[in-house]
Amino acid sequence: MAQAILDVMPGASTGTVQVSDPLNFWAGKRVEPRQQKNAEPVFEPATGDCFFLLGSRWEKREKIAKLEVINNGKSITEALVDIDIAWQCIEYYAGLAGALAGQHVQLPGGAFAYTRREPLGVCVGIGAWNYPFQIAAWKSAPALACGNAMVFKPSPFTPVTAVILAEIYKEAGVPDGLFCVVQGGAETGTILCQHPKVAKVSFTGSVPTGKKVMEMSAKGVKQVTLELGGKSPLIIFKDCDLENAVRGALMANFLTQGQVCCNGTRVFVQKDIMPQFLEEVVKRTKAILVGDPLLDSTRMGALINKPHLEKVLGFVSQAKLQGARVLCGGERFVPSDPKLVNGYFMSPCVLDNCRDDMTCVKEEIFGPVMSVLPFDTEEEVVQRANNTTFGLASGVFTRDISRAHRVAENLEAGTCFINNYNISPVEVPFGGYKMSGFGRENGQVTIEYYSQLKTVVVEMGDVDNYF
Ligand SMILES: NC(=O)c1ccc[n+]([C@@H]2O[C@H](COP(=O)([O-])OP(=O)(O)OC[C@H]3O[C@@H](n4cnc5c(N)ncnc54)[C@H](O)[C@@H]3O)[C@@H](O)[C@H]2O)c1
Ligand SMILES: NCCCC=O
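Residues numbered from 1 in each chain as written. Chains lettered and ligands numbered in written order. Predicted model: local features only at pLDDT ≥ 70, side-chain atom pairs only at ≥ 80, totals over all residues. Heavy atoms only, no water.

(A) How the structure looks around the site of ligand 1. In the vicinity of ligand 1, 29 residues are found, and the nearest of them are G127, S206, T209, L228 and E364. For ligand 1, a nitrogen atom lies 2.7 Å from a polar atom in the backbone of L228. For ligand 1, an oxygen atom lies 2.5 Å from a polar atom in the side chain of E364. Those elements that place two or more of their residues in the shell around ligand 1 are helix 6 (186–194), strand 9 (198–204) and helix 7 (207–219). In terms of residue count, the dominant contributor to the shell around ligand 1 is helix 7 (4 residues). Residues of the shell around ligand 1, tallied by class, amount to 14 nonpolar, 11 polar and 4 charged. (Near = heavy atom within 4 Å. Polar contact = N/O pair within 3.5 Å; in protein donor to acceptor, adjacent residues only side chain to side chain. Helix = DSSP H or I, 4+ residues; strand = E, 2+ residues; numbered from the N terminus. Nonpolar A, V, L, I, M, F, W, Y, C, P; charged D, E, K, R; others polar.)

Right, here's the structure in full:
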């Protein structure tokens, strides 16, 4: 397998990355790197080599999280959780690797068959910028556990921490060439998807790029996993625990500055509790501390880049023109710290007076913008919730257990959270319905997406004498 990956990526060796100028990685950052305790350099500028940070596992976790913050802009509190989810994922699939098994099938006359679960070959992982380290782990851990090699291409906006993951694998004894990181954008992604020796592409990103990846993969009859965008519904019934429902709505909208694929950005609230819900959700949204993402107290950092910030602010302007009312936020935010004044911060936004036909309700904004919509009945809200081409996630808050399961059954989405939102335990499969993609990440089922089944048929008697 190591040889196969070298064919796809000549010169590759696990833990090394081909970058001409690694220091350019830092060029797009929004926050000046500060003198941090334990913050040793990560790259060797002279050679372009990346060497992993020294220290205990606990210290490494902190250092990777800081790099993620500097590269991505999310708060350190969230980045630490992301790193934990990543190592949990690697440990989970390392545990499952020894449990991969086939089936024994008894056939007439003493004959029998058995199945073997075999690797696919070289798998390509292509990642988005919102969860750089976590996405690299979610793809590589099951791929390697099933005996594949992986070439991983992070987003050009967040190229840093996938390289650290390669260093970790190398340090852990993964043979050279088994996990490689290649940097680049659309052109590099295209080359990888079209390469004849690539057996599978696992893609995380937008729907338009996902379609291209699927088209290219189809030409080579390669397997594909697509983790795409969403515009997920969160339904809050009047019998809910309102405190938890409000917390759920915040979790569903404002993690990672709202740049989360499975966010529940269409918040349907039963009319009877709309005033209480809005009062509480707006109060809590206004209290979200936006600013230096490296501070423990910060709850929301900066968006990924200037064009994206402008795009998100544009959605808010358009929403206003279409009749939505801004209850809070939705504006560029300039922190008082002078070194942050050029950062891509915005205040988290709650929109009221929304209708299903508005752009802010139909399209994925991928920023901290919650659209709140009133509803009357269960039947009506389920129909409206499903009236979208996306189907990544959904959520329902109610104390009525029968209603909760009925709504979960009727929602067209790959995940339904009941009385919570946006938790991602590695044991639980994650993936979309409809245009949010197909295939799954996490959970046991993902083994099926990174392996193929061989059937071996064994005859114990004579061959039939037909001719
Ligand atoms: N479902 C999920 O698990 C999930 C998770 C995170 C993000 N997303 C989605 O990702 C989107 C935001 O991420 P993004 O802006 O990085 O998405 P994107 O589609 O612009 O880019 C994703 C990746 O694809 C690469 N790419 C671009 N053009 C390509 C091509 N022609 N061939 C091959 N690769 C190509 C990019 O370089 C990047 O690495 C949102 O829509 C979000 O919902 C989905
Ligand atoms: N925590 C996982 C979220 C993945 C989508 O963006």
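The discussion continues.
(B) Representation of the layout of surface pockets. Empty space within the second largest pocket amounts to approximately 470 Å³. Around the second largest pocket, the lining comprises 19 residues; the ones closest to its centre are R57, K60, W87, I90 and I168. At the level of secondary structure, the elements contributing two or more residues to the lining of the second largest pocket comprise helix 2 (57–72), helix 3 (76–97) and helix 5 (160–171). The element that contributes the greatest number of residues to the lining of the second largest pocket is helix 3, accounting for 6 residues. (1 Å grid on protein atoms, 1.4 Å probe; cavity = no way out; pocket = protein on both sides within 12 Å on 5 of 7 lines; lining within 4 Å. Points joined across faces, edges and corners; volume = space filled by probe spheres on them.)

(C) Region of the structure containing the packing of helix 8 (residues 242–254) against helix 9 (residues 274–286). Relative orientation of the contacting elements helix 8 and helix 9 amounts to 50 degrees, with a least axis distance of 10 Å. Taken as axis vectors, helix 8 and helix 9 run oblique relative to one another. Two packed elements cross with a definite hand, and for helix 8 against helix 9 that hand is right-handed. Here helix 8 contributes L242, E243, A245, V246, R247, A249, L250 and F254 to the contact with helix 9, which in turn contributes Q276, F277, E280, V281, R284 and T285. For the contact of helix 8 with helix 9, the residue count by class is 8 nonpolar, 2 polar and 4 charged. (Axes fitted to C-alpha atoms, helices over the stretch in contact; angles between N-to-C directions. Parallel < 35°, antiparallel > 145°, perpendicular 65-115°, else oblique. Left-handed = near helix turned anticlockwise from the far one by under 90°. Contact = heavy atoms within 4.5 Å.)

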